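One letter stands for each residue in the lines below.
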Amino acid sequence: MKPITKPIVERSRLFRLIFLLAVFIFLAATTLPTRAARDILLPPGTGTVWHGVWLPTGRTISRSAITAFENQANKKVGVETYYVGWYINAWADVQRQINVWGPMGIKTHVVWEPNLKGGGDPLAAILNGSQDAIINDFAAKSKAYGQPFFLRFAHEMNGNWFWWGGQEPEKF
């Protein structure tokens, strides 16, 4: 009897080809951003780098303060970080800032700090439902804004220097 080697070799090549094709498709899908995603996330003319800043705002940062910073830094601001507290109608403060930097082409990065009035564990309060009104208000108003923005909830949660930090990961 003759050994059957040709079909085995062909199957082996076929499996290698399928495997390489699958790897190529996976790499293409995970490393190449779509044009639509890039257009949403990157300001025009900036290539792949944003210059992000946090500028002290007081109540509202002015266009002239942003422009002065850009002139001093010799860079256009791509994203502005804004810290907002934990209260009903917090989005109104965010929107007031967006009204200033949005027309300048600057994207918004909101840092939402769950700091309870009177202290206490904000994560436990969120989990027990007592903070739903604040969360629902912020969610509804940010959705009505209708534009993409970055949201960072409970920043620096890995340390114990904020009321929400240093807690069990399950709470997050």
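Note that the structure is predicted; figures quoted are calculated from it, not measured.

Novice: I'm lost on the overall build of the protein in this one. Help?
Specialist: Regarding its fold elements, the protein presents 6 helices and 4 strands. Ordered by position in the sequence, the α and β elements of the protein form the string α-α-β-α-β-α-β-α-α-β. Every one of the 172 residues in the protein was classed for burial, and the buried ones make up 27%. Summing over all exposed atoms, the protein offers an accessible surface of approximately 11600 Å²; the carbon and sulfur share of this is 62%.

Novice: Just checking my understanding: could you explain the packing of helix 4 (residues 90-101) against helix 6 (residues 132-145) for this structure?
Specialist: Between two packed helices, the angle of one axis relative to the other and the distance separating the axes together describe the packing. As a packed pair, helix 4 and helix 6 sit with axes 8 Å apart at the nearest point and diverge in direction by 25°. Judged on the interaxial angle alone, helix 6 and helix 4 are roughly parallel. Facing Ala90, Trp91, Val94, Gln95 and Ile98 of helix 4, the residues of helix 6 in contact are Asp137, Phe138, Lys141, Ser142 and Tyr145. Taken together, the residues that form the contact of helix 4 with helix 6 break down as 6 nonpolar, 2 polar and 2 charged.

Novice: Quick question: what am I supposed to make of the pattern of salt bridges here?
Specialist: Where side chains of opposite charge bring their charged atoms close, a pairing between them can arise. Evaluated as defined, the whole model comprises 3 salt bridges. Measuring nitrogen to oxygen at the nearest pair gives 3.7 Å for the salt bridge that ties lysine 76 to glutamate 70. For lysine 141, the salt bridge is made with aspartate 137, and the minimal N-O distance between the two is 2.8 Å. Placement of the pair is lysine 141 and aspartate 137 together in helix 6, with a separation of 4 residues, close to one helical turn. Take lysine 141: its relative accessible area is 29%, and that puts it in the partly exposed class. You can call aspartate 137 buried: its relative accessible area is 14%.

Novice: In this structure, what is going on with the sheet that holds strand 4 (residues 150-153)? I would like to understand it.
Specialist: The strands making up a sheet associate through hydrogen bonds between their backbones, and the pairing can be parallel or antiparallel. Strand order in the open sheet formed by 4 strands is 1-2-3-4, and the pairing between neighbours is parallel. Edge positions in the open sheet fall to strand 1 (52-53) and strand 4, since each of these has one partner strand only. Where strand 1 and strand 2 (residues 79-84) come together, 2 bridges link them in parallel fashion. Of the residues in strand 2, the one forming a bridge with glycine 52 is valine 79. Across the sheet, helix 4 is in contact with strand 2 and strand 3 (107-112); its angle to strand 2 comes to roughly 160°. Sheet contacts for helix 6: strand 2, strand 3 and strand 4; angle to strand 3, the most-contacted strand, approximately 180°.

Novice: Would you mind going over the nonpolar core with me for this structure?
Specialist: For soluble globular proteins, nonpolar side chains are generally found buried alongside one another. Counting 25 residues, the largest nonpolar core has Ile66, Val84, Val94, Trp101 and Phe138 as its most contacted members. The set of elements that each furnish at least two residues to this core consists of strand 2, helix 4, strand 3, helix 5 (122-127) and helix 6. The dominant element in this core, judged by the number of residues it contributes, is helix 4, at 6 residues. Apart from the residues lying within four places of it in its own chain, the contact partners of tryptophan 101 are Ile61, Ile66, Glu80, Tyr82, Ile106, Lys107 and Thr108.

Novice: I'm lost on helix 6 in this one. Help?
Specialist: One turn of the α-helix equals 3.6 residues, which is why residues spaced by three or four share an orientation. In this model, helix 6 (14 residues) spans 20 Å end to end at C-alpha, consistent with the 20 Å of a helix rising 1.5 Å per residue. Burial in helix 6 covers these residues: Ile134, Asp137, Phe138 and Ser142. Seen from one end, helix 6 has its buried residues packed into an arc of 115°, which puts them on one side. Exposed residues pointing more than 90 degrees away from the buried face of helix 6 are listed as Asn136, Lys143 and Ala144. If you follow the buried residues of helix 6, they end up packed against strand 2, helix 4, strand 3 and strand 4. After helix 6 finishes, the residue glycine 146 shows a positive phi value of roughly 75°.

Criteria and thresholds
Residues numbered from 1 in each chain as written. Predicted model: local features only at pLDDT ≥ 70, side-chain atom pairs only at ≥ 80, totals over all residues. Heavy atoms only, no water. Helix = DSSP H or I, 4+ residues; strand = E, 2+ residues; numbered from the N terminus. Buried < 20%, exposed > 50% of the residue type's maximum accessible area, 1.4 Å probe, protein only. Areas by Shrake-Rupley, 256 points an atom, 1.4 Å probe, with all protein chains shown as cover. Axes fitted to C-alpha atoms, helices over the stretch in contact; angles between N-to-C directions. Parallel < 35°, antiparallel > 145°, perpendicular 65-115°, else oblique. Contact = heavy atoms within 4.5 Å. Nonpolar A, V, L, I, M, F, W, Y, C, P; charged D, E, K, R; others polar. Salt bridge = Lys/Arg side-chain N within 4 Å of Asp/Glu carboxyl O. Pairing = 2+ DSSP bridges. Core = buried A, V, L, I, M, F, W, Y, C linked by side-chain atoms within 4.5 Å. Expected span 1.5 Å × (residues − 1). Arc of directions from axis to C-beta.

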